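# Summary of structural features
Next come the chains, spelled out residue by residue.
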Amino acid sequence: MDSFLSDDWLGAVRAAAGGLPEVPGVGAAVSIEVPGGPAGTSRFGVVVTDGRLVELSPGRLAEADCRVSCSYGDACDILAGRLDPAVAYMQGRLKIDGAYEAVLFGLRPLLAADAFGAFAAEVAALTG
């Protein structure tokens, strides 16, 4: 098990994402910031193109559709399925600067895929 948001964890997530289905037209480039973790603030970039994870790397993306931030506790709850990201956004617990619709609505076809549910369960299982 790798520590949530560590470089090893990011690598394990990249490997697990290999089974995600292609979903034409579904994509976003997102810079994510998660303060309050054991190692302080974590920053990483995510790029999804046609439903496939093409980048997951430490640091901020130079060109992102939006920037997302939430507390470490809320990030853990979102990952575990205890907190819906749309609900967290409406409650002000998940902040999105920029093209929020790219995250909240644009990724829905991918998130609804059965393969994504299996991917999410695998990521949750490998998270320490």
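This structure is a prediction, so every number in the text was calculated from the model and none was measured.

Thresholds applied
Residues numbered from 1 in each chain as written. Predicted model: local features only at pLDDT ≥ 70, side-chain atom pairs only at ≥ 80, totals over all residues. Heavy atoms only, no water. Helix = DSSP H or I, 4+ residues; strand = E, 2+ residues; numbered from the N terminus. Rg over C-alpha atoms; globule rule 2.2 N^0.38 Å. Buried < 20%, exposed > 50% of the residue type's maximum accessible area, 1.4 Å probe, protein only. Areas by Shrake-Rupley, 256 points an atom, 1.4 Å probe, with all protein chains shown as cover. Lys, Arg positive; Asp, Glu negative; His and termini not counted. Charge placed at Lys NZ, Arg CZ, Asp CG, Glu CD. 1 Å grid on protein atoms, 1.4 Å probe; cavity = no way out; pocket = protein on both sides within 12 Å on 5 of 7 lines; lining within 4 Å. Points joined across faces, edges and corners; volume = space filled by probe spheres on them. Nonpolar A, V, L, I, M, F, W, Y, C, P; charged D, E, K, R; others polar. Polar contact = N/O pair within 3.5 Å; in protein donor to acceptor, adjacent residues only side chain to side chain. Contact = heavy atoms within 4.5 Å. Axes fitted to C-alpha atoms, helices over the stretch in contact; angles between N-to-C directions. Parallel < 35°, antiparallel > 145°, perpendicular 65-115°, else oblique. Left-handed = near helix turned anticlockwise from the far one by under 90°. Pairing = 2+ DSSP bridges.

So, about the overall build of the protein. Summing up its helical and strand segments, the protein has six helices and five strands in all. Expected size for 128 residues packed as a compact globule is a radius of gyration near 14 Å; at 13 Å, the protein falls within 12% of this value. Viewed in the frame of its principal axes, the protein has a C-alpha envelope of about 35 × 30 × 30 Å. In the protein, which comprises 128 residues, the share counted as buried stands at 38%. When the accessible area of the protein is evaluated, it comes to approximately 6700 Å², of which 54% is carbon and sulfur surface. Here the protein contributes 9 positively and 16 negatively charged side chains, and the mean placements of these two sets differ by 6 Å.

Now for the layout of surface pockets. There is about 1200 Å³ of room inside the largest pocket. Ile32, Ile78, Pro85, Leu111 and Phe116 are the residues nearest the centre of the largest pocket, which is lined by 38 residues in total. With five residues, the single largest contributor to the lining of the largest pocket is helix α6 (residues 114-126). A class-by-class count of the residues in the lining of the largest pocket yields 32 nonpolar, three polar and three charged.

Along the chain, the position of serine 31 falls in strand β1 (residues 28-37). For serine 31, a relative accessible area of 4% gives the class buried. Only 2.9 Å separates the side chain of serine 31 from the backbone nitrogen of leucine 61, close enough to count as a polar contact. One polar contact links serine 31 to arginine 67, side chain to side chain, over a distance of 3.1 Å. In contact with serine 31, other than residues within four places in its own chain, are Phe44, Gly45, Arg60, Leu61, Ala64, Cys66, Arg67 and Val68.

This paragraph deals with the packing of helix α1 (residues 7-16) against α6. Contact geometry for α1 and α6: axes closest at 10 Å, N-to-C directions at 155 degrees. Accordingly, the angle class assigned to the pair α1 and α6 is roughly antiparallel. With respect to the hand of their crossing, α1 and α6 are arranged in right-handed fashion. The segment α1 lies against α6, with Trp9, Ala12, Val13 and Ala16 engaging Phe119, Glu122, Val123 and Leu126. In terms of residue class, the contact of α1 with α6 is made up of seven nonpolar, no polar and one charged.

What follows is about the sheet that holds strand β5 (residues 94-98). On the basis of which strands lie adjacent, the open sheet formed by five strands has the order β3-β2-β1-β4-β5 and mixed pairing. Looking at strand neighbours, the two that pair on one side only are β3 (52-58) and β5, the edges of this open sheet. Each strand of the sheet is rotated relative to its neighbour by a mean of 20 degrees, with strand direction disregarded. Relative to β3, α1 is tilted by about 175 degrees, and along the sheet it contacts β2 (40-49) and β3.

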